[in-house]
Amino acid sequence: MSAHGPATPMTAHRSPALRGQVDSPGDKSVSHRALILGALAVGRTQITGLLEGQDVLDTAAAMRAFGATVTRHGPGAWSVEGVGVGGFAEPEQVIDCGNSGTGVRLIMGAMATTAITVTFTGDASLNSRPMGRVTDPLALFGARAFGRSGGRLPMTVIGAADPVPVRYALPVPSAQVKSAVLLAGLNAPGATVVIEAEPTRDHTERMLRGFGAELTVEDTPEGRVITLQGQPELRPQTVAVPRDPSSAAFPACAALMVPGSEVTIPGVSRNPTRDGLYRTLVEMGADIAFENPREEGGEPVADLRLRNSGPLHGVTVPPDRAASMIDEYPILAALAATAQGTTVMRGIRELRVKESDRIDAMARGLEACGVRVEETEDSLSVHGCGAEDIEGGAQVQSRLDHRIAMSFLCLGLVSRRAITVDDASPIATSFPAFEALMTALGADLRHGTR
Ligand code: S3P
C-alpha cells in the first residue's frame, strides 16, 4: 500500500533520446521553510514557486493548525498570515506530517519553545525514522517528548514554558536537526548557537536573515558556528522559491543515461550546499553547462543544459561531499550503473535513515536489474554496465520512497527489459509532475506492470 491509497505500479521502457525543456518543481526544503517562517512572522508573507507536493501541503496544513492563515492563490502562489514568534496556538488535532522528515522535524523545533502540547504522526515510513536526533537538543531548551520505542512517531512534544537558549554541536550532519534547533532558538531569550562540523544546506540561515533575524555564521576550526539572537520580531517577506536541484537531478541524470539526449532545466538552485551531484557529474565526464547564472529569492540559480555525448566513467565520490548531495545518491547509483567502470560512494551512512534505507533499497533493486554492487554500512559501490547493457526486467520495491521510485523509473529508460516499480505514488510527495514532464521529454512511462 502507498502512503495515501492503493499502490500504483509504474513501468519504464527503453526510450528514444530525451529532448526538450523541463520546468522542474520548486525546492522542497525552501518551500517548507517559507511556510514555517511565514507562520512565525507578523503579517503577510507572499510565496511564489512553492512546491505543491504532498510533503509541503502537509506542512501548510500544520501551519493552519497552529493558527496561521495559509491561502493558495494560484499554482505555486501562496500567502501566509503569521502569528509571530511564540504565537503558535495549540492544535486541536494530531499533526500528520505524512512522509516528510523535514516537515515534522522543523515543526517540532518551531513549537518546542512555546508552552503548547502537540502530538505528531506520519506514514509508515516516517513513523519508522529516528526523532531522538531532534528531541535530544530540544530537551536542552526545556521541551519534553514522549514517543514510541527508539524515539519514533507517533510522539507528543510538550513545549518549554520557560525556554533557555542552547549551544549545540550537531552529532550528525543534518540540516533538519540544525534547523530544528535554530527554529526552537527563535523563542528562547539570548543567543542559541549551533555548530556543524560539515556544512549542510543553509536555507534556514539564509531565510532567517531574510525575515530579519540576527544570525551570524563563522567558520572556525571546530566547524561552522551559527549564532541566532532569540525573540526577534520576524518581518513578512516575499519568497521566490528556486527550482529544486534534487528534483532536477532526475531529468538531468535521465538525459545523461539515454543516448543522444539533450535537455535544459531552467532556474535550478546552485546553492553550494546542494551542488555535490553536479560536481560529481562533471567529474564523470558529463557534458553539462550552467547558463545565465543569477540570483533568485536569495539563492544562486542557473539554467542547466545537459547533452548526452557518450558514456560517463565511474568515479569515487569523497565522504566530505555527502552532505551537499545527500538526496542524490539513489539517482547517482542508477546513473553509475550506466557508466563505464565502478562508482564508489563513501561516507553515506545517513542514507540508511531516509524515507527508506536507501543503500539497501538501491543495492537490492540494482541487483534485481542485473547490476553488480557492493555495500558496507557506510558505502555503496556500483559496477557500471554501460548505457546499452543493463538487463532490467525486474519489479523493484519503492518502499514508500519517492527517490527510489524515480531512480528506477529513470534506469528503466535505458535497460534492455522494462523496469517496474511496485508503487509510484510516493513520487507525489516531492515531484507530482514527474510522469508528465518525463513523458513530454520522450520517456516511455506506463501505468501498471507492463
Ligand atoms: C533536508 C535535509 C536533509 C535531506 C532532506 C531535506 C532539509 O535531511 O535529506 O531531504 O530540508 O533540511 P537530513 O537533515 O536528515 O540530512
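Residues numbered from 1 in each chain as written. Predicted model: local features only at pLDDT ≥ 70, side-chain atom pairs only at ≥ 80, totals over all residues. Heavy atoms only, no water.

The chain goes by 3-phosphoshikimate 1-carboxyvinyltransferase in an unreviewed UniProt entry, where it is assigned to Rhabdonatronobacter sediminivivens. Entered under Pathway (unreviewed entry) in the UniProt record, the comment concerning the chain runs "Metabolic intermediate biosynthesis; chorismate biosynthesis; chorismate from D-erythrose 4-phosphate and phosphoenolpyruvate: step 6/7." (UniProt positions renumbered as here; feature names shortened; annotations may be inferred.)

A. Structural detail: the UniProt feature "domain: Enolpyruvate transferase" (unreviewed entry) in the chain. The UniProt entry lists residues 17–436 under the feature "domain: Enolpyruvate transferase" (unreviewed entry), expressed in the numbering used here. Between the C-alpha atoms that bound residues 17–436 the distance is 16 Å, and the span itself is 28% helix and 28% strand. (Helix = DSSP H or I, 4+ residues; strand = E, 2+ residues; numbered from the N terminus.)

B. Region of the structure containing the sheet that holds strand E14 (residues 238–240). If you trace the four strands from one edge of the open sheet to the other, you get E4-E5-E3-E14, paired in mixed fashion. Here the strands that pair on one side only, and so sit at the sheet edges, are strand E4 (69–74) and E14. Pairwise comparison of adjacent strand axes, ignoring direction, gives a mean angle of 20° for this sheet. Here E4 pairs with strand E5 (residues 77–83) via five bridges, running antiparallel. Within E5, the position partnered with glycine 74 by the bridge is alanine 77. Against the sheet, helix H1 (residues 28–40) makes contact with strand E3 (42–48), E4, E5 and E14, and its axis sits at roughly 35° relative to E5, the strand it touches most. The sheet contacts of helix H2 (residues 54–65) involve E4 and E5, and relative to E4 the element is tilted by about 135°. (Pairing = 2+ DSSP bridges. Axes fitted to C-alpha atoms, helices over the stretch in contact; angles between N-to-C directions. Contact = heavy atoms within 4.5 Å.)

C. Expanded view of the domain arrangement of the chain. Each assigned domain of the chain is listed with its residue range as follows: domain 1 (10–26 + 242–447) and domain 2 (28–229). Here domain 1 and domain 2 have C-alpha centroids that lie 28 Å from each other. At the interface, 25 residues of domain 1 touch 25 residues of domain 2. Between domain 1 and domain 2, a total of about 2,000 Å² is buried, with carbon and sulfur atoms accounting for 47% of that surface. The tally of links from domain 1 across to domain 2 stands at three salt bridges. A salt bridge links glutamate 355 to arginine 129; the nearest nitrogen and oxygen atoms lie 3.8 Å apart. For the pair domain 1 and domain 2, the number of links is 15 residue pairs in polar contact (both at pLDDT 80 or more). Looking at the side of domain 1 that touches domain 2, the elements that each hand over two or more residues are strand E17 (299–307) and helix H11 (402–411). Partitioned by chemical class, the residues of the side of domain 1 that touches domain 2 number 10 nonpolar, seven polar and eight charged. (Domains from an automatic or database assignment. Buried area = accessible area lost by both parts, 1.4 Å probe. Salt bridge = Lys/Arg side-chain N within 4 Å of Asp/Glu carboxyl O. Polar contact = N/O pair within 3.5 Å; in protein donor to acceptor, adjacent residues only side chain to side chain. Nonpolar A, V, L, I, M, F, W, Y, C, P; charged D, E, K, R; others polar.)

D. Quick peek at helix H5 (residues 175–185). Of all 11 residues in H5, 11 are buried; the element is thus mostly enclosed. All of the buried residues along H5 are Ala175, Gln176, Val177, Lys178, Ser179, Ala180, Val181, Leu182, Leu183, Ala184 and Gly185. One side-chain oxygen of the residue at the start of H5 lies 3.2 Å from the amide nitrogen of glutamine 176, identifying that residue as serine 174. (Buried < 20%, exposed > 50% of the residue type's maximum accessible area, 1.4 Å probe, protein only.)

E. Representation of the UniProt feature "active site" (unreviewed entry) in the chain within the structure. Mapped onto this structure's residue numbering, the UniProt feature "active site" (unreviewed entry) falls at Asp327. Here aspartate 327 falls in the buried class, since its relative accessible area comes to 10%. Excluding residues that lie within four positions of it along the chain, aspartate 327 makes contacts with Arg201, Ser246, Lys354, Arg358 and Arg403. For aspartate 327, the side chain forms a polar contact with the side chain of arginine 201, separated by 3.3 Å.

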